[in-house]
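Residue-level structure breakdown
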Amino acid sequence: MKVLAVIALKAQYRLDVLLDVAGLARSTFFYRQAQLRRPDPKAALKAAVTSAFENNHRRYGHRRVHRVLVEAGWRVAKKTVLALMRELGLACRVRRRRRYVSYQGQVGAVAANILDRQFAAQAPNQKWVTDVTEFRVGTRSCICLR
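All of the points below concern the structure found in this document. (Residues numbered from 1 in each chain as written. Predicted model: local features only at pLDDT ≥ 70, side-chain atom pairs only at ≥ 80, totals over all residues. Heavy atoms only, no water.)

1. So, a positive patch on the surface
Together, Arg 59, Arg 63, Arg 64, Arg 67, Lys 78 and Arg 95 make up a positively charged patch on the protein surface. Tracing the chain through its elements places Arg 64 in helix 5 (residues 62–71). (Patch = residues over 30% accessible without salt bridge, like charges linked within 9 Å, V, L, I, M, F, W, Y side chains within 5 Å. Areas by Shrake-Rupley, 256 points an atom, 1.4 Å probe, with all protein chains shown as cover. Salt bridge = Lys/Arg side-chain N within 4 Å of Asp/Glu carboxyl O. Lys, Arg positive; Asp, Glu negative; His and termini not counted. Charge placed at Lys NZ, Arg CZ, Asp CG, Glu CD. Helix = DSSP H or I, 4+ residues; strand = E, 2+ residues; numbered from the N terminus.)

Dropping the structure here:
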């Protein structure tokens, strides 16, 4: 950061004054300036990480992206993939489980308890009972009658 500021102001002020104000050694400034001109040594790996992330619909985290890269023939550590993904701003969306709330507004009418737990019948088809269970599948709510 300081090096970029010194480079920007170098045309207007003397270099030794700028280095004093920035608190940079002269050798450090020239080393960092040369580093900025060099091509990125991890450019190919960054491209591979980005393509692996995009090809999987931006859903893969660093572990799964690492696995894709290893299967493609790259020799790279998981932490390197994590650092590159952070540097590139690649983050998968984390799905959070929502807490179940059964109340969905107006409550329906409760049927009268005609059977009153007297389940024994004199003949077949005199008493019929059912159980209503609601459960969530994905984003949809399903009702199961038993």
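2. Here's the deal with helix 6 (residues 78–88)
Owing to its 3.6 residues per turn, the α-helix brings residues three or four apart onto one side. Turning to helix 6, its buried residues number three or more, namely Val 81, Leu 84 and Met 85. The buried residues of helix 6 all sit within an arc of 100 degrees when viewed along its axis, so they share a single face. Away from its buried face by more than 90 degrees, helix 6 exposes Lys 79, Arg 86 and Glu 87. Close packing links the buried residues of helix 6 with helix 4 (43–55) and helix 5. Just past helix 6, the residue Gly 89 takes up positive phi, approximately 75 degrees. (Buried < 20%, exposed > 50% of the residue type's maximum accessible area, 1.4 Å probe, protein only. Arc of directions from axis to C-beta. Contact = heavy atoms within 4.5 Å.)

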